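Secondary and tertiary structure notes
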Amino acid sequence: MQQTKTIPVYGMTCGHCVKAVTMALEDIEGVNETTVSLDESCATVTFDDSKTDLDALRDAIAEEGYSFEPRDQNTEPCATMQTEEAALTVLPAATTVSRFSIEGMSCVNCAAAIEKGFTDVPGIGKASVNFPLECLVVEHDSSVTPEDICNKVADIGYEASAIEEQEEDSIAFRIEGMSCVNCAASIEKAFAKAPGIKNVSINFSLEKGFITFDRSTTDKQAVLHVVSDAGYVAFEEKEEKAKSPLAKKERFRFLFALICTIPLVLLMYTMPFGHVGTNYAMFVLATLVQFVSGRSFYEGAYHSLKNRSTNMDVLISLGISAAYFYSVFSLFFLDPHAHTFFDSSAMLITFILVGKMLEARAKGKTGQALEKMLSLQADRARILQDGTELMVPASSVKVGDLVLVRPGEKIPVDGEIVDGTTAVDESMLTGESIPVEKQAGAQVTGATINTTGAITVRTGRVGKDTVLAQIIKMVEDAQADKAPIQRLADIVSNYFVPIVVTVALVTFSLWFFVFDVTPPAGSTRFLFAFQLMIAVLVIACPCALGLATPTAIMVGSGVGLNRGILFKRASVLENISKLEVILFDKTGTITVGRPEVVGVYPYENYSEDEVLKIAAGAEAHSTHPLAQAVVRKAGVKNLSIEKGRDVHEVSGHGIQCVVQGEVIKTGSLKYVSEKQDPPPEIIDLGRKLSEEGKTTIYVAQNNSIIGILALSDVIKTDSQEAVGKLHRFGIRTGLISGDNHAVARTVAAEVGIDAVEAEVLPEDKIDSVKKWQQKGYRVGMVGDGINDAPALAQADMGIAIGSGTDVAKETGDVILVKNSLLDVERAIRLGKKTLRTIKENFFWAFFYNILMIPVAAGALYPVTGLTLKPEWACIAMWFSSLTVVGNSLLLRRFGRKLAE
């Protein structure tokens, strides 16, 4: 009869311990399935009770050196074996979490020693040491000070220093009321005067602000108040989905202007009340438009000038004021029969408002990739509490909660499967459409889709720590950042408005005082000059200039996001296009990162399968990566493996066991040939394989060598193609490896890499990058490990493999989520295309102003009699902005080309 039992297992500290317990249990006759959990400190075993029993299972675990009782009070028992008597120790409510930097550790056992040293210490709830990061995190009550913890670490034999928590905080918020890039500059100037502000980025295109501030000096409300004082409306991101009052006002102002302007234009062309009566009727309608719908322009201009800057509102306010107030003065104080500009004033306001609405709609499309990512997050989660299911908001799930996910549902959290088997659609993360098989112990990512079976997931990360949240944060940071080329637009915009005002005044002066020309019929010299001045003010709005870079960056980063290429900053999209040298780490980057059997060389009368089967029978008892590679190869070939007995493993040399009465030895040549000299052919073959950079395992039966297994870290299938594409771009390539020269040269030659540096220590990789930089090259570094982090930081562009360590991904400027080296070339291609789009946008923005300002100023009138009315100048102005945004949106088509 089949039974399933859960046995507590204490003393396991790593994956090798889990492997050892698993193998010990699987070797017992009658055991059908075994799942060992390091986090839960337990083993769940399904077995036939007619062939074995619980005592035999316990004996097998004990023989491996593990126990069934906690070795100290603070060790948590297996979750499924907990009883009321085994309740966890609960710290007082005033628990503090402190972080410390640890020096002196040399291995993971040092970390375990420090954690053990904090056992039974009064006031200490939990101590956790991260060996790679050399960091200690301690949960303690107020009776324990950081100094006490440092002294305790010193007693254990290591040095600790408290890590001061940053007093910095950040806030992202929506801004409404900005009309051009100079508005963003005006807000940045306001923050420059505010206390406690560390970093400011106001993105006009996104209509968002990103502020880092000192919590001891200011707070989020004070940050938003700075924006309000500058004359704009700001509210936090979490409130963004709500309909804002300003958005409603904008719609009302546009509709009000439209309702008043249509009859005003009809009055102008039909004159139903005679010239004077119609002028008075137009005055009433124009006044309503001027001070109801046009009020926002005056408010924007006031705040802009108050902050000692000039923006689009200044130009528009000057234009509509000149048209309106001249008409009022003429109507009431000069001649009621004279021509007025009431129609021009009202039409300007109406056209600008409709242009702003169209522009906002177009800009909204540039951020669709990010919005799509945000929509992927699950809203609800089904947690298990005391055996019952409870539906809760996904945001309320805590680390450690058990979440049940049924087939077809989104996985709401990042975590580990503790029960069930399924296939998970991870296409939103990797782009691969084929679901990935998952079982107990496998990691799952929130927002991926559970396709086939019900699973129970223990929550590992929630909120901002989830993979999806980190991806979204990276994209937002990239869109908030300013590319270097954007500085040109900022500089030009700062001087642009004063120059335009000057040009408008010069235009009026020349046509009224200097040029001796006949004005158009029905106009006077003054009215003609005045009309040209207004047209110059209106047509020269710097909107297109301000939109040139941010819209292209938004679309470009969105295209990358959809492809699985994450750019951390906007400047990365520009700078990656300028790389001249790409340096690659070898293990895990060019290669798969684990050894595989690449050749089986039998000796005498044995076949390849026989040698592999015999070797796998011995290696199945070892947890060494090379041994596991042999077992995997035998599994791929569907060979029936008979595990040996009387196993004896000599660390660093090999393993010996007995299979069907035959003594089998696998390992180094010296180890397997202790009692008999190896044949010359075997020695020559082994030397040749070693020269090719392969690792060799010799297989002997009854002290006679029967074959050699050759293993190596297999090169990724796309590495050669990726390097070839980089070469076609004219980019040089280099390999930096800690492996020996033979292996490094072999790998480099196979994939076509130009230069090789082998046997490089982790701390020396940064020097390799510097060598290329000192030659004047712009250098990119591609890596995946902790040892690559310094080189990634030193390089002009750090490119981290998505499957790599968190440290590497934190250090890199670009993250390749799909782990494909082809995405290195795609990222460069996307960067080049984005930069080209930005330059095209600048061309159209500058070309438009260079071309249209002279036309608006009347340059063509003496030759062609052509002039530009203010209302048509307004249409041309917002059309230029739409052209720039539209050109940026064309980048979205480039996403399809990236797959080529």
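Residues numbered from 1 in each chain as written. Predicted model: local features only at pLDDT ≥ 70, side-chain atom pairs only at ≥ 80, totals over all residues. Heavy atoms only, no water.

**A word on the pattern of salt bridges**
- Across all of its chains, the model carries 15 salt bridges by this definition.
- With a shortest N-O distance of 3.6 Å, Asp823 and Arg563 are connected by a salt bridge. In this pair, Asp823 sits in helix α29 (residues 822-856) while Arg563 sits in helix α17 (residues 543-563), placing the two residues 260 residues apart along the sequence.
- Judged by relative accessible area, which is 0%, Asp823 ranks as buried.
- A single salt-bridge network, built from bridges that share partners, covers Arg382, Glu389, Arg406 and Glu409. (Salt bridge = Lys/Arg side-chain N within 4 Å of Asp/Glu carboxyl O. Helix = DSSP H or I, 4+ residues; strand = E, 2+ residues; numbered from the N terminus. Buried < 20%, exposed > 50% of the residue type's maximum accessible area, 1.4 Å probe, protein only.)

**Digging into the sheet that holds strand β16 (residues 422-425)**
- Across the sheet, three strands lie side by side as β17-β16-β19; this open sheet has antiparallel pairing. This sheet does not close on itself; its edge strands, each paired only once, are β17 (436-438) and β19 (449-450).
- Where β16 meets β19, two bridges bridge the pair, whose relative direction is antiparallel. Residue pairing in the sheet places Asp425 in a bridge with Ile449 of β19. (Pairing = 2+ DSSP bridges.)

**Observations regarding a negative patch on the surface**
- A contiguous patch of negative charge, built from Asp49, Asp53, Asp55, Asp59, Glu63 and Glu64, is present on the exposed surface.
- Looking at the secondary structure, you find Asp53 in the loop between β3 (42-48) and α2 (54-63). (Patch = residues over 30% accessible without salt bridge, like charges linked within 9 Å, V, L, I, M, F, W, Y side chains within 5 Å. Areas by Shrake-Rupley, 256 points an atom, 1.4 Å probe, with all protein chains shown as cover. Lys, Arg positive; Asp, Glu negative; His and termini not counted. Charge placed at Lys NZ, Arg CZ, Asp CG, Glu CD.)

**Concerning the packing of aromatic side chains**
- Counted by the stated rule, this structure contains 20 aromatic pairs.
- With 5.2 Å between their ring centres and 75° between their planes, Phe283 and Phe332 make a pair best called edge-to-face. On the criterion of sequence distance, the pair formed by Phe283 in helix α8 (residues 274-293) and Phe332 in helix α10 (residues 312-334) is long-range, its members being 49 residues apart.
- Relative accessible area serves as the criterion here: at 41%, Phe332 is assigned to the partly exposed category. (Phe/Tyr/Trp six-rings, centres within 6.5 Å; stacked < 30°, edge-to-face > 60°.)

**Describing the pairing of strand β22 (residues 581-585)**
- Across the five residues that make up β22, a large majority, five, are buried.
- Residues Val581, Leu583 and Asp585 of β22 are buried on one face, and the alternating residues Ile582 and Phe584, pointing to the opposite face, are buried as well.
- The pairing of β22 with strand β29 (residues 732-736) spans five bridges and is classified as parallel. Its bridge partner being in β29, Ile582 is matched across the sheet by Thr733.
- Bridge analysis of β22 against strand β31 (residues 779-783) gives four bridges, and the strand direction is parallel. Residue pairing for β31: Val581 is matched across the bridge by Val779.

**Focus on the sheet that holds strand β28 (residues 704-715)**
- Read from one edge to the other, the open sheet built from six strands follows the order β23-β28-β27-β26-β25-β24, with strand pairing classed as antiparallel. With partners counted over all chains shown, the strands left at the sheet margins are β23 (591-602) and β24 (645-650), one partner each. Ignoring strand direction, the axes of neighbouring strands in this sheet form an average angle of 20°.
- The pairing of β23 with β28 spans eight bridges and is antiparallel. Bridge pairing in β28 links Pro602 to Gly707.
- Packing of helix α21 (residues 625-636) onto the sheet brings it into contact with β23, β27 (695-701) and β28, and relative to β23 it is tilted by some 65°.
- The sheet strands contacting helix α23 (residues 680-691) are β23, β27 and β28, and the helix crosses β28 at an angle near 5°. (Axes fitted to C-alpha atoms, helices over the stretch in contact; angles between N-to-C directions. Contact = heavy atoms within 4.5 Å.)

**Topic: the packing of helix α16 (residues 525-539) against α29**
- Axis separation between α16 and α29 bottoms out at 8 Å; the angle between their running directions is 165°. When the axes of α16 and α29 are compared, the pair comes out roughly antiparallel. Regarding α16 and α29, the two cross each other, and that crossing is right-handed. Across the interface between the two elements, Leu532, Ala535, Val536 and Ile539 from α16 touch Tyr848, Asn849, Met852, Ile853 and Ala856 from α29.
- Per-class residue counts for the contact of α16 with α29 are eight nonpolar, one polar and no charged. (Parallel < 35°, antiparallel > 145°, perpendicular 65-115°, else oblique. Left-handed = near helix turned anticlockwise from the far one by under 90°. Nonpolar A, V, L, I, M, F, W, Y, C, P; charged D, E, K, R; others polar.)

**Comments concerning a nonpolar patch on the surface**
- A grouping of Leu255, Leu258, Ile259, Ile262 and Leu266 is seen on the molecular surface, where their side chains present a nonpolar patch of about 480 Å² in accessible area.
- With a relative accessible area of 61%, Ile259 lands in the exposed category.

**Description of the environment of His140**
- Within the secondary structure layout, His140 lies in strand β6 (residues 135-140).
- Sequence separation between His140 and Val121 is 19 residues; the distance between their C-alpha atoms is 9.8 Å.
- A polar contact is formed between the side chain of His140 and the side chain of Ser98, at a distance of 2.7 Å.
- A polar side-chain atom of His140 sits 3.0 Å from the main-chain carbonyl oxygen of Val144. (Polar contact = N/O pair within 3.5 Å; in protein donor to acceptor, adjacent residues only side chain to side chain.)

**Quick notes on the environment of Phe68**
- Looking at the element boundaries, Phe68 is found in the loop between α2 and β4 (96-103).
- In this structure Phe68 touches Ile7, Pro8, Tyr10, Arg58, Ile61 and Ala62, once residues within four positions along its chain are discounted.

**Concerning the nonpolar core**
- Residues Phe297, Phe342, Phe530, Ile534, Val536 and Ile539 are the most contacted members of the largest nonpolar core, which totals 52 residues.
- Of all the elements in the fold, those that place two or more residues in this core are α7 (245-270), α8, α10, α11 (342-366), α15 (486-514), α16 and α29.
- No other element matches the 12 residues that α16 contributes to this core.
- In contact with Phe530, other than residues within four places in its own chain, are Ala322, Ala323, Tyr326, Phe341 and Phe508.
- Counting residues in each nonpolar core, the second largest holds 47 residues, with Val555, Val572, Leu735 and Val751 among its members. (Core = buried A, V, L, I, M, F, W, Y, C linked by side-chain atoms within 4.5 Å.)

**What about the confidence of the model for the chain?**
- Scored by pLDDT, the chain comes out at a mean of 78, with 81% of its residues at no less than 70.
- Mean pLDDT across the secondary structure elements of the chain bottoms out at helix α12 (residues 368-375), with 52, and peaks at β29, with 92.
- Confidence over residues 72-94 falls short of pLDDT 50; this stretch has 34 contacts with residues more than four positions distant or in other chains.
- Below a pLDDT of 50 lies the segment residues 239-244, which in the model reaches six contacts outside its immediate sequence neighbourhood of four places, other chains included. (pLDDT = per-residue confidence, 0-100.)

**Topic: the side chain of Ser98**
- Counting through the fold element by element, Ser98 comes out in strand β4.
- Not counting chain neighbours up to four residues away, the residues in contact with Ser98 comprise Leu136, Val137, Val138 and His140.

**What to know about helix α26 (residues 765-774)**
- Buried residues of α26: Lys765, Ser768, Val769, Trp772 and Gln773, and no others. In an axial view of α26, the angular spread of the buried residues amounts to 140°, which keeps them on one side of the axis.
- Just downstream of α26 lies Gly776, where phi reads positive at about 95°. (Arc of directions from axis to C-beta.)

**Let's talk about unusual backbone geometry**
- Here the phi dihedral of Ala447 falls at roughly 85°; this positive angle occurs in a residue that is not glycine.
- One non-glycine residue, Asn638, lies in positive phi territory at about 60°.
- Here Asn638 shows up in the loop between α21 and β24.

**Looking at the side chain of Thr507**
- With respect to the secondary-structure elements, Thr507 resides in helix α15.
- Excluding residues within four positions of it along the chain, Thr507 makes contact with Leu532, Met533, Val536 and Ala857.

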